[in-house]
Structure formats: structure tokens, C-alpha cells
Amino acid sequence: MYRSGDTTGLALVVIDMINTYDHEDAELLVPSARRIVPVVADLIGRARAAETPVIYANDNFGAWRSHHGELVDAALATRHADLVEPIRPDEDSLFVVKARHSVFYETPLTYLLWHLGVGHVVLSGQVTEQCILYSALDAHIRHLEVTVPRDAVASIHPQLGSAALEMMERNMGARIVTAEEIDLTGP
């Protein structure tokens with residue numbers, strides 16, 4: 001279990017970006033996702049260059065027998081493959097499959113972060129008012145520092161996305177910044 005003070009490292013967490021976009025509300029989400037993909041791709045590239053861990057945390061869409069490679073292949077086989085290709089995991093990327101909104105709920109992420117010496121997570125991806133918000137709360141209660149780049153998170157409902165960012169900042173002490181302001185080289 002993570003104990004405050006044990007870790008100083010940084011990790012970029014890419015949430016639910018490996019997506020087929022064939023779910024309810026997808027058409028509302030796609031324009032927002034399209035805007036953030038270049039920003040998330042840049043964050044991933046900067047993190048890889050700095051040797052900062054990149055962790056993909058993704059829904060399995062109820063495909064309990066699938067693994068991350070199958071999820072990526074399924075997403076790349078859709079009409080929205082252009083939203084996945086620029087941010088696809090490489091051979092060094094870490095991958096956590098999740099079943100619910102938070103990247104921490106019933107996943108090994110807490111242990112993985114502890115093992116990597118991570119005490120600060122940068123949360124990017126989708127959906128701001130759902131998975132990003134709940135993941136930020138769960139990170140906060142685990143005493144992790146949280147940064148959310150406002151231009152690297154997508155929302156279904158922009159007003160709820162804005163409210164979620166405000167809640168993360170006020171209630172959880174998250175740093176809400178632009179992606180450009182984030183130093184991915186760690187402390």
C-alpha cells in the first residue's frame with residue numbers, strides 16, 4: 001500500500017483513450033477527443049523521451065477475455081482509428097485494465113505506482129466528468145499528487161467537464177494546468 005513520503009517519481013496516466021467510440025454518448029465525446037489527441041500524443045512523447053512511465057488505464061468494454069493488444073487492435077479497426085493511432089501504446093508502455101470509472105478501483109495501479117516509486121500522477125484522457133474526476137479523487141485519497149492538463153482531457157458535456165476540473169482543484173488540491181506547463185522529467 002502507498003505510504004505518504006515513500007515516493008517522489010512521476011507517471012503519466014492515459015485514461016480510456018484506447019476506444020472504439022461505438023458506445024452511448026460517443027458522438028458527443030468524439031469532437032472533444034479529437035481536440036485532445038495531439039496534446040495527449042505530445043505528452044506521451046515527452047514522457048517517453050524523459051523515461052517517465054506511461055501507464056494506459058483502459059476500460060475493457062466487458063471483454064473479460066481480452067488483453068490490451070486486442071483492445072488496441074479493436075480500436076484501430078474502427079472508423080475512429082485516427083483518434084487511437086497517434087497515442088497507441090508502445091512496447092515500453094504499461095497497461096492496466098479497469099472495469100469501472102476510477103483507474104484505481106479493483107486494479108493493481110496503486111501497487112504498480114508504489115513499485116515504480118511514483119507519488120505524482122498526471123491524469124490525461126477521457127471522460128473529464130467521469131473517469132478523470134473519480135480517478136483524481138482516488139489518487140487524492142491515496143496521498144498522491146495529482147496534475148490534470150485541462151487541454152489533455154475530453155468531456156461529453158463541456159459544462160460538467162469544467163465543473164469537474166474545478167472540483168479537482170478545489171476539493172482535491174489537484175494542479176489544473178495546460179499540458180505545456182508540465183515538466184515530465186519528475187522532481
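The structure contained in this document is the topic of the report that follows. All residue numbers here refer to positions counted from 1 along the written sequence of the relevant chain. In keeping with the model being predicted, local features are shown solely for residues with a pLDDT of at least 70 and side-chain atom pairs are shown and tallied solely at 80 or more, while totals for entire chains, interfaces and linings include all residues. Water and hydrogen atoms play no part in the side-chain values, which are based on all heavy atoms of the structure.

**Observations concerning the pairing of strand β1 (residues 9-15)**
Exposure is judged per residue with a 1.4 Å probe applied to protein chains only, and the accessible area is read against the type maximum: over 50% gives exposed, under 20% gives buried, and values in between give partly exposed. By definition, any uninterrupted DSSP run of H or I lasting at least four residues is a helix, any uninterrupted run of E lasting at least two residues is a strand, and each is numbered from the N terminus. Burial analysis of β1 places 7 of its 7 residues in the buried class, the great majority of the element. By the alternation rule, side chains of β1 split into G9, A11, V13 and I15 and L10, L12 and V14, which are all buried. Whether two strands pair comes down to DSSP finding at least two bridges between them. Bridge count between β1 and strand β4 (residues 118-126): 7 bridges; the pairing is parallel. Within β4, the position partnered with G9 by the bridge is V118. Relative to strand β2 (residues 54-59), β1 runs parallel, the two sharing 4 bridges. Along β2, the bridge assignment pairs I15 with A57.

**Things to note about helix α5 (residues 158-172)**
A helix is expected to span 1.5 Å multiplied by its residue count minus one. With 15 residues, α5 should cover 21 Å at 1.5 Å per step; its first-to-last C-alpha distance of 20 Å lies within 8% of that length. Looking only at α5, the buried set comprises G161, A164, L165, M168 and M172. Relative to the axis of α5, the buried residues are bounded by an arc of 100° and lie together on one face. Counted as exposed and oriented over 90 degrees from the buried face of α5: Q159, R170 and N171. G173 sits one or two positions beyond α5 and adopts a positive phi of about 70°. The directions considered for the arc are those from the helix axis to the C-beta atoms.

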